[in-house]
Amino acid sequence: LPISVNGVGIYSVNSQDSLFNCRIIGNFCSANNGETPSFFGVGMYCNKSADYITNCIVDSNICLSRFTSYGVGAYLNGGTTKIVDSKIRANSGTYGGGLYCENDSTSIFRCEISNNSATNSSGGILFQTSMAKIQQAIIANNNALNGGGLYVTSILASPTMAIFPTIQNCSFTNNVSKQSGGALWIHDAMNPIFDNLTFSGNVPDISNRGDVVSRDTSFSGNVLLNTSLYIGNSRTAKFTAGSIVSA
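A quick note: this is a predicted structure, and the numbers were derived from the prediction, not measured. (Residues numbered from 1 in each chain as written. Predicted model: local features only at pLDDT ≥ 70, side-chain atom pairs only at ≥ 80, totals over all residues. Heavy atoms only, no water.)

Some points on the packing of aromatic side chains
- Counted according to the given criterion, the structure contains 10 aromatic pairs.
- Pairing tyrosine 11 with tyrosine 45 gives two aromatic rings, centres 5.4 Å apart and planes at 10 degrees, and the pair type is stacked. In this pair, tyrosine 11 is assigned in strand β2 (residues 10-13) and tyrosine 45 in strand β6 (residues 44-47), connecting sequence segments 34 residues apart.
- Residue classification places tyrosine 11 among the exposed positions, given a relative accessible area of 53%.
- Ring geometry for tyrosine 70 against tyrosine 95: centres 5.2 Å apart, planes inclined by 10 degrees, an arrangement best described as stacked. Of this pair, tyrosine 70 sits in strand β9 (residues 68-70) while tyrosine 95 sits in the loop between β13 (92-93) and β14 (99-102); the two residues are 25 residues apart in sequence, bridging distant segments of the chain. (Phe/Tyr/Trp six-rings, centres within 6.5 Å; stacked < 30°, edge-to-face > 60°. Helix = DSSP H or I, 4+ residues; strand = E, 2+ residues; numbered from the N terminus. Buried < 20%, exposed > 50% of the residue type's maximum accessible area, 1.4 Å probe, protein only.)

Structural data, given as structure tokens:
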């Protein structure tokens, strides 16, 4: 049977914990010979929680490539966790190297998401069927296959669900993808809202339909783009399906 491991560093379920000035550093995946478990939240795992995390550093948590991992820095599922004035950096795994937010309403304010990496989707942050909100964040120097900085998807959602992940007043700087979405990749997200964003120095793989901001051809929702600025990126935004609403 498949094995899953949750929360190597911090494990929080159905809680309302507060973390202040904490350092969650250097946690890693391990397993017995022959076992290949999936890891959720190597640094921090929060499930159905309303935790408050402020002025914390989540740094250098790693999952080796022979394991499948989700949210190596932090995995947030089904809760209303708030992360404020914190740094999530240099974490590495499969999906959502820095953060993986699933079925949640997480709030992220004034945080730095930097130097994270993923062998698949989203080096920085992955939103999966998420109503999460990010404001005043720096998303920089992350790398992944798709969505170097941020990957937004609702592929597991019911078609009738109204999903509005929101990213406001954030900067995407020097993020890299090997395929599409050097800064941002939208895959089956219903109605994401992007407001007052700056994209600078992001690099997609231009030999493989890459763009700084891309969305999948199967996308059928609406994207709200309001006042975005592009400076010195390798390529600019590309939207190939669905509707774009510019406020």
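Here the narrative resumes.
Thoughts on the state of the cysteines
- Enumeration according to the criterion identifies 1 disulfide in this entry.
- Between the sulfur atoms of cysteine 29 and its disulfide partner cysteine 63 the distance amounts to 2.1 Å. Judged by the torsion about the S-S bond (-120 degrees), the cysteine 29/cysteine 63 disulfide is left-handed. Of this pair, cysteine 29 sits in the loop between β4 (23-25) and β5 (38-40) while cysteine 63 is found in the loop between β8 (57-59) and β9, placing the two residues 34 residues apart along the sequence.
- Take cysteine 29: its relative accessible area is 4%, and that puts it in the buried class.
- The buried category is assigned to cysteine 63, whose relative accessible area is 6%. (Disulfide = S-S within 2.5 Å.)

Topic: the nonpolar core
- By size, the foremost hydrophobic cluster in this structure holds 35 residues, and its most contacted members are Leu99, Phe127, Ile167 and Phe172.
- When contributions to this core are tallied by element, the ones reaching two or more residues are β6, β10 (74-77), β14, β18 (125-128), β22 (150-153) and β26 (184-187).
- Non-local contacts of phenylalanine 127, meaning those with residues more than four positions away in its chain, are made with Cys101, Ala132, Ile134, Leu150, Tyr151, Val152, Thr153, Pro165 and Ile167.
- Membership of the second largest hydrophobic core comes to 7 residues, among which are Phe40, Tyr45, Tyr100 and Tyr151. (Core = buried A, V, L, I, M, F, W, Y, C linked by side-chain atoms within 4.5 Å. Contact = heavy atoms within 4.5 Å.)

What to know about the confidence of the model for the chain
- Confidence in the prediction of the chain, expressed as mean pLDDT, is 82, and 76% of residues score 70 or more.
- Confidence drops under a pLDDT of 50 for residues 238-247, and excluding neighbours within four residues, the segment shows 35 contacts in the predicted structure. (pLDDT = per-residue confidence, 0-100.)

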